Amino acid sequence: MLLLLQEQTTWISLIAWFVFAVAAVSDWIDGYFARKYKEITVLGQLMDPLADKVLVATALVMLIPIGRMPAWVTLIILCREIVVTGLRSVASSSGIVVDASNMGKWKSTIQYIGLGTLIFPNDVLPIPFLHQIGLAIVYVALVLTVWSGIDYFYKLRKIFLEDEQV
């Protein structure tokens, strides 16, 4: 966040991208080893998605003032994240832990790629329209974000239906 608050020189953007990339890759590595060694805990199942949301939300918000992210995209993604976090919280209070779905994992991966592309400095690689490509990737992530949010609601609908029958 502090790096994206600075004037966006090539070096500042490159360092910001590196920090973002390390955080995103460490999230993947953490999940991989947790599954491989069956070290999955209830706390990890709840905290890992929150850490992902903080990373994504920070990048989304900080890209707005530097003109690389439309505010409406950020708003939709953040609203979905808040709603899904709320649904997971309600499920958790009912004794149900909801793992991240494959669609949710794809959504996160594509968000990371799109946001990383938007953070990466335009003038380092000879790729024309780099930030437009990043924005297109974020739009794909936006569709998956909304779709996976609907999927979570559908999977958790029985919690809400049970509450109505009581």
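Residues numbered from 1 in each chain as written. Predicted model: local features only at pLDDT ≥ 70, side-chain atom pairs only at ≥ 80, totals over all residues. Heavy atoms only, no water.

Engineer: Quick question: what am I supposed to make of the nonpolar core here?
Structural biologist: If you look at soluble globular proteins, the nonpolar side chains tend to sit buried side by side. With 19 residues, the main nonpolar core has F20, M69, L115 and I119 as its most contacted residues. Counting only elements with at least two residues in this core, the list comes to α2 (10-36), α3 (42-63), α4 (71-93), α5 (102-119) and α6 (130-155). A per-element tally of this core places α3 first, with six residues. Here I119 is in contact with L4, S13, A16, W17, F20, A59, L63 and R68, once residues within four sequence places are set aside. One finds V84, L87, A91 and I159 within the second-largest nonpolar core, a separate group that totals seven residues. (Core = buried A, V, L, I, M, F, W, Y, C linked by side-chain atoms within 4.5 Å. Buried < 20%, exposed > 50% of the residue type's maximum accessible area, 1.4 Å probe, protein only. Helix = DSSP H or I, 4+ residues; strand = E, 2+ residues; numbered from the N terminus. Contact = heavy atoms within 4.5 Å.)

Engineer: I keep staring at the packing of aromatic side chains and nothing clicks. Help me out?
Structural biologist: Aromatic ring pairs are described here by two measures, namely the spacing of the ring centres and the angle between the planes. This structure, assessed with the given rule, holds six aromatic pairs. Both rings, one in F20 and one in Y112, keep their centres 6.1 Å apart while their planes meet at 75°; by these two values the pair is edge-to-face. Taken together, the residues span a long stretch of sequence, with F20 in helix α2 and Y112 in helix α5 at a distance of 92 residues. Here the two residues F20 and Y112 agree in accessibility, since each one is buried. Ring geometry for W72 versus Y139: centroids 6.0 Å apart, planes at 20°, classification stacked. In this pair, W72 sits in helix α4 while Y139 sits in helix α6, placing the two residues 67 residues apart along the sequence. (Phe/Tyr/Trp six-rings, centres within 6.5 Å; stacked < 30°, edge-to-face > 60°.)

Engineer: Quick question: what am I supposed to make of the packing of α4 against α6 here?
Structural biologist: Any two packed helices are characterised by the angle at which their axes cross and by the distance between the axes. In contact at an axis separation of 10 Å, α4 and α6 are set at 25° when each is read in the N-to-C sense. Accordingly, the angle class assigned to the pair α4 and α6 is roughly parallel. The interaxial crossing formed by α4 with α6 has left-handed handedness. Taking contact as the criterion, the partners of W72, V73, I76, I77, R80, E81, V84, L87 and R88 in α4 are, on α6, V138, Y139, L142, T145, V146, S148, G149, Y152 and F153. Taken together, the residues of the contact of α4 with α6 sort by class into twelve nonpolar, three polar and three charged. (Axes fitted to C-alpha atoms, helices over the stretch in contact; angles between N-to-C directions. Parallel < 35°, antiparallel > 145°, perpendicular 65-115°, else oblique. Left-handed = near helix turned anticlockwise from the far one by under 90°. Nonpolar A, V, L, I, M, F, W, Y, C, P; charged D, E, K, R; others polar.)

Engineer: What's the story with the pattern of salt bridges in this structure? I'm lost.
Structural biologist: Two side chains of opposite charge can pair, provided their charged atoms sit close to one another. Inspection of the entire model under this criterion finds four salt bridges. In this structure, the salt-bridge partner of E81 is K53, at a minimum N-O distance of 3.0 Å. Taken together, the positions of E81 in helix α4 and K53 in helix α3 put the pair 28 residues apart, joining distant regions of the chain. Note on E81: relative accessible area 6%, which makes it buried. The exposure class of K53 is buried, given its relative accessible area of 16%. Put simply, D151 and K155 hold a salt bridge, and the shortest N to O gap is 3.1 Å. With D151 and K155 both in helix α6 and four residues apart, the pair spans about one turn of that helix. The exposure class of K155 is partly exposed, given its relative accessible area of 44%. Taken together, the salt bridges that share partners define one network made up of K53, R80, E81 and K107. (Salt bridge = Lys/Arg side-chain N within 4 Å of Asp/Glu carboxyl O.)

Engineer: What exactly am I supposed to notice about unusual backbone geometry here?
Structural biologist: Comment: phi is negative for the bulk of residues other than glycine, and the bulk of peptide bonds are trans. One non-glycine residue, K38, lies in the positive phi region at around 50°. On the secondary structure map, K38 appears in the loop between α2 and α3. Of note in this structure, F129 is not a glycine but carries a positive phi near 60°.

Purely geometric stuff here, so don't read any function into it on its own.
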